[in-house]
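# Residue-level structure breakdown
If you want the building blocks of each chain, they are given just below.
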Amino acid sequence: MSTKGGYVEILEFTHFFDHFVFTPNAENVLEKELKREIPVSVGIELVVVDM
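The shown structure was predicted, so the numbers you read here are calculated from the model rather than taken from an experiment.

## With respect to the overall build of the protein
- Check the secondary structure of the protein and you find zero helices and two strands.
- For a compact globule of 51 residues, the expected C-alpha radius of gyration is about 10 Å, and the protein comes in at 19 Å, more than 25% above that figure.
- The principal-axis extents of the C-alpha atoms in the protein amount to approximately 55 × 30 × 10 Å.
- Taken across its 51 residues, the protein has 2% of its residues classed as buried.

## A few points about a nonpolar patch on the surface
- A surface patch of nonpolar side chains, amounting to about 650 Å² of accessible area, comprises Val8, Ile10, Leu11, Phe13, Val42, Ile44, Leu46 and Val48.
- Among the elements of the structure, β1 (2-24) and β2 (30-50) are those that each provide at least two residues to the nonpolar patch.
- Note on placement: Val8 falls in strand β1.

## Here's the deal with the packing of aromatic side chains
- For the structure on display, the rule yields zero aromatic pairs.
- Sitting over the ring of Phe20, Lys32 keeps its end group 4.6 Å from the ring centre.

## Digging into the pattern of salt bridges
- According to the stated counting rule, one finds two salt bridges in the structure shown.
- We note a salt bridge from Arg36 to Asp18, for which the minimum N-O separation is 3.2 Å. Taken as a pair, Arg36 in strand β2 and Asp18 in strand β1 lie far apart in primary sequence, 18 residues in all.
- Classification of Asp18 by relative accessible area gives partly exposed; the value is 48%.
- Lys35 is paired through a salt bridge with Glu33; the nearest N and O atoms lie 3.8 Å apart.
- The exposure class assigned to Glu33 is partly exposed, which follows from its relative accessible area of 34%.

## Quick word on the environment of Pro39
- Of note, Pro39 is situated in strand β2.
- On the basis of relative accessible area, Pro39 is assigned to the exposed category, the value being 70%.
- For the pair Pro39 and Asp18, spaced 21 residues apart in sequence, the C-alpha separation works out to 13 Å.

Reading guide: rules and limits
- Residues numbered from 1 in each chain as written.
- Predicted model: local features only at pLDDT ≥ 70, side-chain atom pairs only at ≥ 80, totals over all residues.
- Heavy atoms only, no water.
- Helix = DSSP H or I, 4+ residues; strand = E, 2+ residues; numbered from the N terminus.
- Rg over C-alpha atoms; globule rule 2.2 N^0.38 Å.
- Buried < 20%, exposed > 50% of the residue type's maximum accessible area, 1.4 Å probe, protein only.
- Patch = residues over 30% accessible without salt bridge, like charges linked within 9 Å, V, L, I, M, F, W, Y side chains within 5 Å.
- Areas by Shrake-Rupley, 256 points an atom, 1.4 Å probe, with all protein chains shown as cover.
- Salt bridge = Lys/Arg side-chain N within 4 Å of Asp/Glu carboxyl O.
- Phe/Tyr/Trp six-rings, centres within 6.5 Å; stacked < 30°, edge-to-face > 60°.
- Lys NZ or Arg CZ within 6 Å of the ring centre and 35° of its normal.

Take a look at the structure:
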C-alpha cells in the first residue's frame, strides 16, 4: 500500500484585530509591539491511499 499526501489551502484572508506581540531586539530584550492584523490560512491535509 502506498500513500501520497499534501496540503490544500482552501481559504486565505486577513483578520483585522488590534493585539500586542512581544519580539526580542538585538540585546535579546522583549519589546511590546502593536499589530493590527492577523493573516489566516485554512487548509486540509489530503491523503490518497492506493491499494
